[in-house]
Amino acid sequence: MIPLTLAQIAEITGGQLHGDPAALVTGEVVIDSRRAGPGGLFAAVAGERADGHDFAPAAVAAGAVAVLATRPVPVPSMLAPSVIVADVPAALAALARFVAGALPGVAIAGITGSSGKTTTKDLAAQLIERLGPTIAPAGSFNNEFGHPLTVLRADTATRYLVLELSARGPGHITYLCRIAPPRYGVVLNVGHAHAGEFGGLDQVARAKGELVEALPAEGAAILNADDPRVLAMAARTAARVVTFGVDDRAASIRAADVRLDDLGRPSFTLLTPEGSAAVALRLHGAHIVPDAVAAAALARELGLGLADIADGLCAAVARSPWRMEVRRRGDGVTVINDAYNANPESVAAALQALRHLAQDGRGFAILGHMAELGDTSRASHEDVGEFAARADLAGLIAVGEEAAPILAGARRVRSWTGDALAVPDGAAALDALANQLKPGDVVLVKASRAAHLEGVAAVLAREEADR
Ligand SMILES: Nc1ncnc2c1ncn2[C@@H]1O[C@H](COP(=O)(O)OP(=O)(O)O)[C@@H](O)[C@H]1O
Ligand SMILES: [Mg+2]
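Residues numbered from 1 in each chain as written. Chains lettered and ligands numbered in written order. Predicted model: local features only at pLDDT ≥ 70, side-chain atom pairs only at ≥ 80, totals over all residues. Heavy atoms only, no water.

*Asks:* So what's going on with the overall build of the protein? Residues and values would help.
*Replies:* Counting secondary structure elements, the protein contains 17 helices and 24 strands. Each of the three principal axes of the protein carries a C-alpha extent, and together these read 75 × 55 × 40 Å. Within the protein, buried positions represent 56% of all 467 residues. Of the contacts made within the protein by residues no fewer than 6 positions apart, 63% connect residues no fewer than 24 positions apart. Carbon and sulfur atoms make up 51% of the accessible area of the protein, which totals about 18,900 Å². Between the averaged position of the 41 positive side-chain charges in the protein and that of its 51 negative side-chain charges there is a distance of 3 Å. (Helix = DSSP H or I, 4+ residues; strand = E, 2+ residues; numbered from the N terminus. Buried < 20%, exposed > 50% of the residue type's maximum accessible area, 1.4 Å probe, protein only. Contact = heavy atoms within 4.5 Å. Areas by Shrake-Rupley, 256 points an atom, 1.4 Å probe, with all protein chains shown as cover. Lys, Arg positive; Asp, Glu negative; His and termini not counted. Charge placed at Lys NZ, Arg CZ, Asp CG, Glu CD.)

Given below as structure tokens:
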């Protein structure tokens, strides 16, 4: 962060200062006391399970200069230096807005969409880092806490901020864009993630499009030409529109001749106005090609040349865990851990990747529920089951009550001869597969985070040791 005195922090946040006004915060702003360090600021946030105020003493002991909190926090033998505010997230937003405003030389890019934000952000960051010091959030730091905390990491050395913007309702993205006004905006797709909370795909499109509405005329809106709801956002922005795509020949940045290797890693020809280049990704699944092309389009807007873009995409690795992690075990069984989250589009994409990896062999899917789909939940789970059966899996295991409709959907495909099973939890899923797997088999593990199937994937991935 740029250095700020406690007096400045109190002024920016409208808070009440307790402590030395000249004390200088030079380190990171954190909400997790375990990440607190010398010179930093600890923001006490009340979560569902814990109250950050209880961890303030630990943060101060670790070197935090002060605490941003809603009430004074006692630390041994004194009161911690603190700035007391009514609303800590709002105070973080105000601080982040100040820092972003104080760094006019930083180019800010926002990425949104229903699926693939983190993947695209990680790919884009790996390209843009070639241009200069870049700050991008770790994992999915994309909400009212993670977003300002990421912005606050910027300082005078920073040239680029690559931000992931998530929306669970109207106005969320507008709020995030006010914190750090983006000049570049990427919209990936409009899908069913959180569609239940929004009320439908058109409402999702309204909310995601808030990103392009926030862009200035001198900025660029980078839109997926293959998704009509995204392309239509061109009418909602003052910025120049740049299109990307895989299928659409009219898109200005495009992937052609997409092929997958035996582990499902895509290679393609990247077509740009400056020429074309061959790209082979290290990540898995055809569905990440649009993410890669979007990252390329953004890096190109920021000034990265085609050769660097292609080279950077070929070198890029997965930075955030549990998204299409493919592990081939010593015994020839392949495990796909895609347990970070799930919505109808990303489950279909993962099942397609599973089908590809299994080739003519057997594919198994362990699927937990897809969260936050609202009224469409049951029908969406049935559709996923039907899709899985059409992918001709050898076995389909639905984990947990909410995932059970997947089986009803699978049974709609009368010609399907695979095994379908509903189990209560991950341990039962592992039991069901035990002693069944043979060399050449491929197992996909996928669910929303709430289902916690990443442990199942981890156990499966290391099974070879037991054989
Ligand atoms: N363009 C895409 N279309 C469909 N699914 C995708 C796409 N890109 C990524 N995914 C899948 O969506 C899931 C979430 O990916 P992630 O990059 O974490 O997205 P987000 O940050 O938007 O939640 C993963 O299973 C990933 O494989
Ligand atoms: Mg994410």
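Here the narrative resumes, following the displayed structure.
*Asks:* Could you give an account of helix 3 (residues 88-102), naming the residues involved and the relevant values?
*Replies:* Side chains of residues three or four places apart in an α-helix project in the same direction, reflecting 3.6 residues per turn. Helix length check: helix 3 (15 residues) gives 21 Å between terminal C-alpha atoms against 21 Å at 1.5 Å per residue, within 8%. Where helix 3 is concerned, the buried positions are V88, P89, A91, L92, A93, A94, L95, A96, V99 and A100. N-cap assignment for helix 3: the residue whose side-chain oxygen lies 3.2 Å from the backbone N of A90 is D87. (Expected span 1.5 Å × (residues − 1). Polar contact = N/O pair within 3.5 Å; in protein donor to acceptor, adjacent residues only side chain to side chain.)

*Asks:* Can you explain the sheet that holds strand 9 (residues 82-84)? Please cite residues and give values.
*Replies:* Spatially, the five strands line up as an open sheet ordered 2-9-6-5-4, and their pairing is mixed. On the outer flanks of this sheet lie strand 2 (16-18) and strand 4 (29-30), each paired with one strand and no other. Strand direction decides the pairing type here: strand 4 and strand 5 (residues 41-43), joined by two bridges, are parallel. Bridge pairing in strand 5 links V29 to L41. (Pairing = 2+ DSSP bridges.)

*Asks:* Go over the site of ligand 1 with me, naming the residues and quoting the values.
*Replies:* The environment of ligand 1 is formed by 17 residues, the closest being T119, D291, R323, D338 and K446. Here an oxygen atom of ligand 1 and a side-chain polar atom of K117 are 2.7 Å apart. Take D338: an N or O atom from its side chain is 2.7 Å from an oxygen atom of ligand 1. Computed on the free molecule, ligand 1 has an accessible area of 550 Å², of which 94% lies beneath the protein chains in the complex. Ranked by residue count, the leading element in the shell around ligand 1 is helix 4 (residues 117-128), at three residues. (Near = heavy atom within 4 Å.)

*Asks:* Describe the sheet that holds strand 13 (residues 184-187), listing the residues and the values that go with them.
*Replies:* What the nine strands build is an open sheet, ordered 11-12-10-13-14-15-16-17-18; its pairing is mixed. Either end of the sheet is taken by a strand with one partner, and the two such strands are strand 11 (134-135) and strand 18 (275-280). The pairing of strand 15 (residues 240-245) with strand 16 (residues 253-260) spans two bridges and is parallel. Opposite G245, over in strand 16, you have R254 as the bridge partner. Taken strand by strand, helix 4 contacts strand 10 (107-112), strand 11 and strand 12 (160-164), and its axis lies near 170° from that of strand 12. Lying over the sheet, helix 12 (residues 306-315) contacts strand 17 (266-272) and strand 18, oriented at roughly 10° with respect to strand 18. (Axes fitted to C-alpha atoms, helices over the stretch in contact; angles between N-to-C directions.)

*Asks:* Outline the pairing of strand 10, listing residues and values.
*Replies:* Taken across its six residues, strand 10 has six buried, putting it largely inside the fold. Side chains of strand 10 alternate between two faces, with A107, A109 and I111 and I108, G110 and T112 buried alike. Across five bridges, the pairing between strand 10 and strand 12 is parallel. Bridge assignment links G110 to a residue of strand 12, and that residue is L163. Summarising the sheet, strand 10 and strand 13 pair through four bridges and their orientation is parallel. Note on strand 13: the bridge partner recorded for A109 is Y184.

*Asks:* How would you sum up unusual backbone geometry? Please name residues and give values.
*Replies:* Phi is positive for D392, close to 55°, though the residue is something other than glycine. Mapped onto the elements of the fold, D392 is located in the loop between helix 14 (377-390) and strand 22 (395-399). One non-glycine residue, H452, lies in positive phi territory at about 50°. Along the polypeptide, H452 turns up in the loop between strand 24 (442-446) and helix 17 (454-461).

*Asks:* With reference to specific residues and values, describe the packing of helix 13 (residues 344-358) against helix 14.
*Replies:* In contact at an axis separation of 10 Å, helix 13 and helix 14 are set at 10° when each is read in the N-to-C sense. By the angle between their directions, the pair helix 13 and helix 14 is classed as roughly parallel. Contact residues: helix 13 offers P344, V347, A348, L351 and Q352, while helix 14 offers S380, V384, F387 and A388. Class assignment for the residues of the contact of helix 13 with helix 14 results in seven nonpolar, two polar and no charged. (Parallel < 35°, antiparallel > 145°, perpendicular 65-115°, else oblique. Nonpolar A, V, L, I, M, F, W, Y, C, P; charged D, E, K, R; others polar.)

*Asks:* Please give an account of the pairing of strand 13 that cites residues and values.
*Replies:* Residues Y184 and V186 line one face of strand 13 and the alternating positions G185 and V187 line the opposite face, and both faces are buried. Relative to strand 14 (residues 220-224), strand 13 runs parallel, the two sharing four bridges. Bridge pairing in strand 14 links Y184 to A220.

*Asks:* Could you give me a rundown of the pattern of salt bridges, with the residues and numbers involved?
*Replies:* If you walk through the whole model with that rule in mind, you get 24 salt bridges. Of the charged contacts, one joins E382 and R378 as a salt bridge, the two residues approaching to 3.2 Å between their closest N and O atoms. Pair noted here: E382 and R378 are both in helix 14, with a separation of four residues, about one helical turn. Two residues, E382 and R412, come together in a salt bridge whose shortest N-O distance is 3.1 Å. In this pair, E382 sits in helix 14 while R412 sits in the loop between helix 15 (405-411) and strand 23 (419-423), placing the two residues 30 residues apart along the sequence. A relative accessible area of 37% places R412 in the partly exposed class. Among the ionic contacts, a cluster of salt bridges with common partners joins R378, E382, D383, E386, R390 and R412. (Salt bridge = Lys/Arg side-chain N within 4 Å of Asp/Glu carboxyl O.)

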